Amino acid sequence: MQNLLKVALAQISPVWLSKHDTLVKVEQSIIEAAEEQCELIVFGEGLVPGYPFWLALTGGAEWNTKVNKALHAHYVKNSITIEDGDLEGICKLAKTHNIAIYLGVIERPVDRGGHSIYASLVYINEKGEIKSVHRKLQPTYDERLTWAPGDGNGLQVHPLKDFTVGGLNCWENWMPLPRAALYGLGENLHVAVWPGSDHNTKDITRFIARESRSFVISVSSLMSKSDFPKDTPHLDKILEKASDVLANGGSCIAGPDGEWIVEPVLHKSGLIVETIDFKRVYEERQNFDAVGHYSRPDVTQLHVNTERQSTVKFTK
């Protein structure tokens, strides 16, 4: 049954700004998904170790303040360095349970000096191999105060049974050209990851599905005021302006016709499980294919730089 794929949307909250404890929660979700015979599990944007909510709550744009410096340092310390093996446990679970994974992390990569951080979407295949790390091309608004902009190296797709799967982070799903790059690579299962809330997912999920004639999986995290750990630096400052609910979920699935398969799920923690059928892609591509029979490459073309960017290049 190569045309059928059982997917799990992991709508969970992080143990905010705790890399170790959030990875434990991720591993638990993978095991639960494997018990339900899922073949792909997706987690929200920057789930490990969490979204930088303090930026909007503590005057994140204020220059040179002790609060922002301390929170940023805590964030960087709890970020993921793939080269150090931070995701080895996740990779082992993927191989053991024959399950593919899209995981949103805050990455602190060695190839950019090891001090700046990126909102990255990591794809691990069912053999436990990290096949792509997509660093968010453009952090959104106040995110730019803590995340660095990424590059095109992660604009990749991956085979998964009959499907070709690709993904983008949060508001870069609104960027037409990165979407087109994935379409051109043959994507027919699009993964959109978000920090949370249906105001992000309720329109764009169906729009991308209808534009691309692909399945679209949107996965969001949860976050409430009670989820801030007591040892968070300057927690009192954060809680002064924090609402009771900072991220309400909104994870959902749309089919290639743009209609709901799973409508946005709110305020519910756990796995959302669904089986999708690849045959529906061919049905909907019959009348529209954005990079195939309905394209005009003689008139408009997209050129993509997929080189991994680094400030320093060494030659022998």
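Please read all numbers here as calculations on a predicted model, not as lab measurements.

A. Geometry of the packing of aromatic side chains. This structure, assessed with the given rule, holds eleven aromatic pairs. With a centroid separation of 5.9 Å and an interplanar angle of 65°, the aromatic rings of Phe-163 and Phe-215 are classed as edge-to-face. Residue Phe-163 is located in strand β7 (residues 163-169), and its partner Phe-215 is located in strand β9 (residues 215-220); the two are separated by 52 residues in the primary sequence. For the residue pair Phe-163 and Phe-215, the accessibility class agrees, reading buried in each case. Between Trp-174 and Phe-207 the ring centres are 6.4 Å apart and the planes differ by 25°, which places this aromatic pair in the stacked class.

B. Molecular detail of the packing of helix α1 (residues 19-35) against helix α4 (residues 88-97). The N-to-C vectors of α1 and α4 enclose an angle of 5°; their axes lie 10 Å apart at closest approach. Considering their axes alone, α1 and α4 lie roughly parallel with respect to each other. On α4, the residues touching Leu-23, Val-26, Glu-27, Ile-30, Ile-31 and Ala-34 of α1 are Gly-89, Ile-90, Leu-93 and His-97. Here the contact of α1 with α4 is composed, by residue class, of seven nonpolar, two polar and one charged.

C. Inspection of the environment of Ser-269 at higher detail. Looking at where Ser-269 falls in the secondary structure, it is placed in the loop between β12 (260-266) and β13 (270-277). Since its relative accessible area comes to 54%, Ser-269 is described here as exposed. Considered as a pair, Ser-269 and Ala-192 are 77 residues apart in the sequence and their alpha carbons are 18 Å apart. Ignoring anything within four residues of it in the chain, the contact list for Ser-269 reads Gln-11, Ile-12 and Leu-222.

D. Seen up close, the sheet that holds strand β3 (residues 100-107). A sheet is described by the order of its strands in space; here six strands give the open sequence β5-β4-β3-β2-β1-β13, paired in mixed fashion. The sheet is open, and its two edges are formed by β5 (130-135) and β13, each paired on a single side. Averaged over neighbouring strand pairs, the angle between their axes works out to 20° when direction is ignored. The pairing of strand β2 (residues 40-43) with β3 spans three bridges and is classified as parallel. Looking at the pairing, Ile-41 lines up with Ile-101 of β3. Set on the sheet, α1 makes contact with β1 (4-11), β2, β3 and β13; between it and β2 the angle comes to about 150°.

Cut-offs applied
- Residues numbered from 1 in each chain as written.
- Predicted model: local features only at pLDDT ≥ 70, side-chain atom pairs only at ≥ 80, totals over all residues.
- Heavy atoms only, no water.
- Phe/Tyr/Trp six-rings, centres within 6.5 Å; stacked < 30°, edge-to-face > 60°.
- Helix = DSSP H or I, 4+ residues; strand = E, 2+ residues; numbered from the N terminus.
- Buried < 20%, exposed > 50% of the residue type's maximum accessible area, 1.4 Å probe, protein only.
- Axes fitted to C-alpha atoms, helices over the stretch in contact; angles between N-to-C directions.
- Parallel < 35°, antiparallel > 145°, perpendicular 65-115°, else oblique.
- Contact = heavy atoms within 4.5 Å.
- Nonpolar A, V, L, I, M, F, W, Y, C, P; charged D, E, K, R; others polar.
- Pairing = 2+ DSSP bridges.

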